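Tertiary structure, described
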Amino acid sequence: MSGERKETWRVGPGGTLRGDLRVPGDKSISHRAVMLGALADGTTRISGLLEGADVLATIAVFRALGVAMEGPEDGRLTIHGVGWEGLSSPAGALDVGNSGTSMRLLAGLCAGLPFDVELTGDASLNRRPMRRVTEPLTEMGAQITTSDEGTAPLRIHGGARLRGIDYSMPVASAQVKSALLLAGLRAQGHTCVTEPAPTRDHTERMLQGFGYRVQRDVATTCVEGGGRLWGTPVDVPGDVSSAAFLMVGASIAPGSDVTLRHVGWNATRTGIVEILQRMGADIQVLDAGEVGGEPVADIRVRHAALQGIDIPEELVPLAIDEFPAVFVAAACAAGVTRVTGAAELRVKESDRIAVMAEGLRTLGVEVEPLPDGARIVGRDRLGGGRVSSHTDHRIAMAFAVAALRAADAVVVEDCANVQTSFPGFAQLMAGLGLSIEWREDA
Ligand code: S3P
């Protein structure tokens, strides 16, 4: 799937970001809308859906499981839900490409199906840890095999009888929490998941939106198996994780002024805003509201001088996907920024601590990688150079934005996977003022 096509960006130094726009739909919410829509009784009409490769992979999975859908087109997808009993055995392995969310959530969703399912992905995804979901699912009675290293392909044997468990997650992971809750819908009794720190709660909110009872305590979420989901309209807000690149870009580039409309503003996702504001960013909420159980806001970001900070560890899970962008903000801030408590960054689409450290050093930044974070010494102007994203979409976008404060061009290799979360990023950024050129390599 993705990753086979090669794309290189050349981003000219300096510039200003100015504009008023809506970023593509939220990836996490889009995945969940497709999954719950397929499992529901009745029709689900989604608008604002992210048409990125990761979500398209989830859509393809449900088509392979026999669910009829129209779209996606212009962010609209209509799903004719079939209920749990309506899913049918797929013809072959289900390939979810680069999408960790698809694989982990589907592991839970498929654990209680009456037929076998094999989940596989691209080279990067098939290296990522899966025991964090397969072990608790096995405790629930699922029959799943992984490679000897605990990685995909995952072979899920059909017909397992699942039972609810009480599970305390060792890592703060919304994917693990969601996988267990989805399995819990098919399990006998209650499934309760306790998280060590708050993580994104889109699954819990959306289950309730589809009419499923969810009990939520401070750190524990429970569902009782055997209930049904009812199709419902879903309006997907813009992805705050995609907006993060614009927030950082506008903050570091003098003269910038960007307004982002209808951005998902769920408190389990806005750690990036708090981090940037602590660094001195000028981020203003113009309008806030709620759509379909998810908070949204219009925000305005203008250039500001940033200061290095020690990032509080409790903000880490609330900004876990935004650290490539945060590292760039830190590289352009006065003084030192320290990130700790973020070991999870090492098992994302790439080892984001190692890969960001490598690229920032190429741009002349002093970075000390730590086992669970990094110490970054900011500078007024970065150097130019050639960096690799290691096929990681968020690394590619972070270095594109870094060029706004570079003295020379930044060439970013391996950018094709940006289509997984932010299709049209380069074109959109060019429209806002980034001097970015893109080239496909054979
Ligand atoms: C996601 C959860 C996070 C995040 C990922 C999307 C989700 O992963 O990094 O991009 O949609 O549940 P973890 O659960 O591994 O932290």
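A few words on the nonpolar core. The biggest cluster of nonpolar side chains holds 84 residues, and the ones touching the most others in it are W9, M247, L260, F323 and F425. At 9 residues, the largest contribution of residues to this core is made by helix α7 (residues 240-252). Contacts of L260, omitting those with residues within four sequence positions, involve L21, V23, A243, L246, M247, A297, D298 and I299. Ranked by size, the runner-up nonpolar core spans 69 residues in total, among them L49, L113, V117 and Y167.

This part takes up the layout of surface pockets. Empty pockets left among the atoms are what a rolling probe the size of a water molecule brings to light. A volume near 560 Å³ is recorded for the largest pocket. In this structure, the largest pocket is lined by 37 residues; those nearest its centre are A172, S173, I320, E344 and K348. Among the elements of the structure, α1 (27-39), α3 (100-110) and α5 (174-184) are those that each provide at least two residues to the lining of the largest pocket. Looking at the lining of the largest pocket, its residues break down into 10 nonpolar, 10 polar and 17 charged. Two domains each donate at least three residues to the lining of the largest pocket, and these are domain 1 (6-25 + 237-441) and domain 2 (27-235). Empty space within the second largest pocket amounts to approximately 210 Å³. Looking at the second largest pocket, it is lined by 15 residues, and the ones nearest its centre are V23, P24, G25, G48 and L49. Each of domain 1 (6-25 + 237-441) and domain 2 (27-235) accounts for three or more of the residues forming the lining of the second largest pocket.

The subject of this paragraph is the site of the ligand. With respect to spatial proximity, the complete set of residues near the ligand consists of S28, R32, T101, R104, S173, A174, Q175, R200, I320, D321 and K348. A distance of 2.7 Å separates an oxygen atom of the ligand from a polar side-chain atom of K348. A total of 380 Å² of accessible area belongs to the ligand in isolation, and the protein chains cover 96% of it. The pocket occupied by the ligand, as judged from atoms lying within 2 Å of grid points, is the largest pocket. When residues of the shell around the ligand are traced back to their parent elements, those giving at least two are α1, α3 and α5.

With respect to topology, 4 strands assemble into an open sheet ordered β2-β15-β17-β16, the strand pairing being mixed. At either margin of the open sheet sits one strand with a lone partner, and together these are β2 (18-21) and β16 (282-291). Direction aside, the axes of adjacent strands within the sheet are offset by 15 degrees on average. Across 4 bridges, β2 lies against strand β15 (residues 257-264) in parallel orientation. Note on β15: the bridge partner recorded for R18 is D257. Across the sheet, α7 lies against β15, β16 and β17 (294-302), angled at about 165 degrees from β15, the strand it touches most.

With that settled, consider the pairing of strand β22 (residues 410-413). Relative to β22, strand β1 (residues 6-11) runs antiparallel, the two being bridged by 3 bridges. Residue pairing for β22: W9 is matched across the bridge by V412. Note on the crossover from strand β21 (residues 385-388) through helix α11 (residues 393-402) to β22: the handedness is right-handed.

To characterise two packed helices, one gives the angle between the axes of the helices and the distance between these axes. Interaxial distance between helix α9 (residues 323-331) and helix α10 (residues 352-362) falls to 10 Å at its minimum, and their mutual angle equals 35 degrees. Crossing handedness for the pair α9 and α10: right-handed. Every residue of α10 that contacts α9 at P324, F327, V328 and A331 is listed here: R352, M356 and L360. Broken down by class, the residue content of the contact of α9 with α10 amounts to 6 nonpolar, no polar and 1 charged.

What counts, and where the lines are drawn
- For every chain, the first residue of the written sequence is number 1, and numbering continues from 1 along that sequence.
- For a predicted model such as this one, the threshold for reporting local features is a pLDDT of at least 70, and the threshold for listing and counting side-chain atom pairs is 80 or more; totals across whole chains, interfaces and linings nevertheless cover every residue.
- As a rule here, side-chain values come from all non-hydrogen atoms in the structure, and water together with hydrogens is ignored.
- Only buried Ala, Val, Leu, Ile, Met, Phe, Trp, Tyr and Cys residues count toward a nonpolar core, and they belong to the same one when joined by side-chain atoms within 4.5 Å.
- Relative accessible area decides the class of each residue, using a 1.4 Å probe on protein chains only: under 20% of the type maximum gives buried, over 50% gives exposed, and in between gives partly exposed.
- What counts as a helix is a DSSP run of H or I of at least four residues, what counts as a strand is a run of E of at least two, and both are numbered from the N terminus.
- Contact between two residues is taken to exist if any of their heavy atoms lie within 4.5 Å; hydrogens are not considered.
- A 1.4 Å probe that fits into a set of points on a 1 Å grid over the protein atoms alone but cannot get out defines a cavity; an open set with protein on both sides within 12 Å along at least five of seven lines defines a pocket, and lining residues are those with an atom within 4 Å of a point.
- Grid points are joined across faces, edges and corners, and a volume is the space filled by probe spheres set on the points.
- Lys, Arg, Asp and Glu make up the charged group, whereas Ala, Val, Leu, Ile, Met, Phe, Trp, Tyr, Cys and Pro make up the nonpolar group; the residues left over, Gly among them, are polar.
- Domains are outlined according to an automatic or database domain assignment.
- Think of it this way: one heavy atom of a residue within 4 Å of a molecule or strand is enough to make that residue near it.
- As used in this structure description, the phrase polar contact means that two N or O atoms lie within 3.5 Å; if the pair is within protein, one of them must be able to donate a hydrogen and the other to accept it, and residues adjacent in sequence are counted only when both atoms belong to side chains.
- The protein chains shown are the only cover counted for residues, whose accessible areas, like all others here, come from Shrake-Rupley with a 1.4 Å probe.
- Being in a pocket or cavity means that more than half of the molecule's atoms lie within 2 Å of its grid points.
- Here the rule is simple: two strands pair whenever DSSP picks up at least two bridges between them.
- Axes, fitted as lines to C-alpha atoms, cover a helix only where it is in contact. Angles between the N-to-C directions of the axes lie from 0 to 180 degrees.
- Orient the strands so they point away from the viewer, and a crossover whose first-strand-to-second-strand path over the helix runs clockwise is right-handed.
- For any helix crossing, the convention is left-handed if the near helix is rotated counterclockwise from the far helix by under a right angle, and right-handed if that rotation is clockwise.

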